[in-house]
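One-letter residues, chain by chain:
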Amino acid sequence: MSVISILSLLPLLLWVYLVFAHGRFWASAPELLAAPAMPAAPAAPEEFPDVDIVVPARDEAQTIGRAIASLVSQDYAGNFRIILVDDDSSDATAECAGRAANLKVIRGQAKPAAWSGKMWALHQGVAESCAAVLLFTDADIVHDPRHLSALVARLQGPRVDLVSEMVRLNCVSLAERALVPAFVYFFQMLYPFALVNDPRSRVAAAAGGTVLIRREALQRIGGIETLRTALIDDVALAKAVKRSGAIYLGHSGLAASIRPYPHLIDIWRMIARTAFTQLRHSAALLALTLLGLTLVWLVPVWAAAFGNRWERVYGLAAFALAAVTYWPTLRRYGRSRFWSLVLPLIALYYMAATCGSALDYWRGAGASWKNRAYGAG
């Protein structure tokens, strides 16, 4: 077998492994919604502990009103309180949050140099809380009234220390329709939810838009302070908790992000903000990642188009496996299966954004978010 034939076969072998031995990442499951006896209704908790909901917000005037209103309207039968930490906003974030008896607005103190902005805001919110359970949620997330009850129910049975969800992301603009489902699909591939939820597996991850955690678990890992420099804070938190307790990660049928990404450049910036951080700012890991992504996404297309008979078979088979595994995520976002035909091009876009993230770091720009820069080289 020639070198070209081996290179054509290798992606197919990788896809066979991914499909059959990588935690069923492609299944786009589980989803935290249905109770076994009532498929249309979320599960209800057996007990109703006090919950403090901490919302870090910086320059979120456009979304904070809807987010807070959805939290105030939760039908949770226990006591819950919302702590909004206004992280030095330059707009009217605090004013747009509105007023409610169970809403407390904190004007955040100046961020210490050693902290990331979100972690500092969460740290201040936790310091103001006293409940046994904490919900960390972003200022652009709107919640179904049943959401908090469903989260607490999952925390209790089967018992875990942390519950997190990949909320439904905004998918309206052409850029979002093309790239957002792929973002979710790639996240599932990187952190298969079934492996995250398996106590025997070392894979750990969370989605920062919705994280419910027991106070005792947070204290056990040393509190938010131990994660103060984390830019990929949700994954860092999940890894810390899973070292000594069980965690759950699923999709949400009861929460959605209303943050828009109207243009391709907006999604580019979202990817580039943390992509090179994910690779620990390592040129070697970047090279290996690009090599792996080239094998998985680009070589099958090349083999199908330019290979000989068997090379084309290998390439088409690998491409077919990739396309079919994308269908459940496309279905979740109401997109046509035809989008799977351009998945290699979408992957190429994500590869380019990852390279852009590295270039930003190397030229000293580092990661940036909400007019803050982190980790410049």
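What you see is a predicted model, and the numbers here were worked out from it, not measured in a lab.

Caption draft 1: View of the packing of helix H12 (residues 283-306) against helix H13 (residues 309-332). Running from amino to carboxyl end, H12 crosses H13 at an angle of 135 degrees, the nearest separation of the two axes being 7 Å. Between H12 and H13, the interaxial angle falls into the category oblique. Pair H12 / H13 crosses with left-handed handedness. Across from Trp297, Pro300, Val301, Ala303, Ala304 and Ala305 in H12, the residues of H13 making contact are Glu311, Arg312, Gly315, Leu316, Ala318, Phe319 and Ala322. Its residues placed into classes, the contact of H12 with H13 shows 10 nonpolar, 1 polar and 2 charged.

Caption draft 2: Highlighting the packing of aromatic side chains. Under the criterion given, the structure shown has 18 aromatic pairs. Taking the centre distance of 6.4 Å and the plane angle of 75 degrees together, the rings of Tyr76 and Phe80 count as edge-to-face. Just as Tyr76 is buried, Phe80 falls in that class too. Linked through ring pairs, Trp15, Phe25, Tyr185, Phe186, Trp268, Trp297, Tyr326, Tyr349 and Tyr350 together constitute an aromatic cluster. Geometry around Trp327 places Arg337 over its ring, the cationic atom sitting 4.0 Å from the centre.

Caption draft 3: Inspection of the environment of Ala246 at higher detail. Within the secondary structure, Ala246 is located in the loop between helix H9 (233-242) and strand E9 (247-257). What makes Ala246 partly exposed here is its relative accessible area of 25%. Separated by 139 residues in the primary sequence, Ala246 and Arg107 place their C-alpha atoms 34 Å from one another. Setting aside anything within four residues of it in sequence, one finds Ala246 in contact with Arg159, Val160, Asp161 and Leu162.

Caption draft 4: Structural view of unusual backbone geometry. The amide bond that connects Ala29 to the next residue, Pro30, takes the cis arrangement and shows omega of 0 degrees. Looking at the element boundaries, Pro30 is found in the loop between helix H1 (3-21) and strand E1 (31-32). Of note, the bond from Gly157 into Pro158 is cis; its omega dihedral lies within 30 degrees of zero at -15 degrees. Relative to the helices and strands, Pro158 is located in the loop between helix H5 (147-156) and strand E7 (162-168). The backbone of Ser28 sits at a positive phi, close to 55 degrees, despite the residue not being glycine. With respect to the element layout, Ser28 can be found in the loop between H1 and E1. Phi is positive for Asp88, close to 55 degrees, though the residue is something other than glycine. Note that Asp88 resides in the loop between strand E3 (80-86) and helix H3 (93-96).

Caption draft 5: Representation of H13. Its 24 residues place the ends of H13 36 Å apart at the C-alpha level, agreeing with the 34 Å of an ideal helix rising 1.5 Å per residue. Of all bends in H13, the biggest is about 30 degrees, found at Tyr326, and the proline Pro328 comes one to four residues later. Among all positions in H13, only Glu311, Tyr314, Gly315, Ala318, Ala322, Ala323, Thr325, Tyr326, Pro328, Thr329 and Leu330 are buried. Its buried side turned inward, H13 meets H1, helix H6 (174-190), H12 and helix H14 (343-362). One side-chain oxygen of the residue at the start of H13 lies 3.2 Å from the amide nitrogen of Trp310, identifying that residue as Asn308. Gly334 sits one or two residues past H13 and shows a positive phi near 65 degrees.

Caption draft 6: Structural context of the confidence of the model for the chain. When the pLDDT values of the chain are averaged, the result is 93; 94% of them are 70 or greater. Within the model, pLDDT remains below 50 along residues 34-38, and this stretch shows 6 contacts once partners closer than five positions in the same chain are excluded.

Caption draft 7: Looking closely at H12. Along its length, H12 reaches its greatest deviation from straightness, about 45 degrees, at Leu298, and the proline Pro300 lies no more than four positions downstream. Along H12, the positions that sit buried rather than exposed are Leu286, Leu295, Val296, Trp297, Val299, Pro300 and Ala303. Residues of H12 that are buried in the fold lie against H1, H6, helix H11 (275-278), H13 and H14. A side-chain oxygen of the first residue of H12 lies 3.3 Å from the backbone nitrogen of Ala284; this N-cap is Ser282.

Caption draft 8: Structural context of the environment of Ala240. Within the secondary structure, Ala240 is located in helix H9. What makes Ala240 buried here is its relative accessible area of 11%. Counting along the chain gives 20 residues from Ala240 to Arg220, while the straight-line C-alpha distance between them is 9.3 Å.

The rules behind each value
- Within any chain, residue numbers begin from 1 and follow the written order of that chain's sequence.
- Where totals are concerned, whole chains, interfaces and linings use all residues; where local detail is concerned, this predicted model gives features only for residues with pLDDT of at least 70, and gives and counts side-chain atom pairs only at 80 or more.
- Side-chain metrics in this entry use all non-hydrogen atoms of the structure; hydrogen atoms and water are not considered.
- Lines fitted to the C-alpha atoms define the axes, with helices restricted to the stretch that makes contact. Angles between their N-to-C directions range from 0 to 180 degrees.
- Secondary structure elements are defined from DSSP: runs of H or I of at least 4 residues count as helices, runs of E of at least 2 residues count as strands, and each element is numbered from the N terminus.
- Reported orientations rely on four angle classes, namely roughly parallel under 35 degrees, roughly antiparallel over 145, roughly perpendicular from 65 to 115, and oblique for the rest.
- Left-handed is the label given to a crossing in which the near helix is rotated counterclockwise from the far helix by less than a right angle, and right-handed is the label when the rotation is clockwise.
- Residue contacts are counted whenever heavy atoms from the two residues lie within 4.5 Å of one another.
- We call Asp, Glu, Lys and Arg charged. Ala, Val, Leu, Ile, Met, Phe, Trp, Tyr, Cys and Pro are nonpolar, and the rest, Gly among them, are polar.
- Each Phe, Tyr or Trp ring (for Trp, its six-membered ring) is paired with any other whose centre lies within 6.5 Å, and the angle between the two planes then decides the class: stacked below 30 degrees, edge-to-face above 60, tilted in between.
- Exposed residues in this analysis have more than 50% of their type's maximum accessible area, buried residues have under 20%, and partly exposed residues fall in between, with area computed by a 1.4 Å probe over protein chains only.
- Lysine and arginine charges are scored as sitting over a ring when NZ or CZ, respectively, is within 6 Å of the ring centre and within 35 degrees of the ring normal.
- A helix is expected to reach a length of 1.5 Å times the quantity of its residues less one.
- We define the bend at any residue as the angle between the axes fitted to the seven residues before and including it, ending there, and the seven starting there.
- As used in this structure description, the phrase polar contact means that two N or O atoms lie within 3.5 Å; if the pair is within protein, one of them must be able to donate a hydrogen and the other to accept it, and residues adjacent in sequence are counted only when both atoms belong to side chains.
- Note on scores: pLDDT gives the predictor's confidence for each residue, bounded by 0 and 100.

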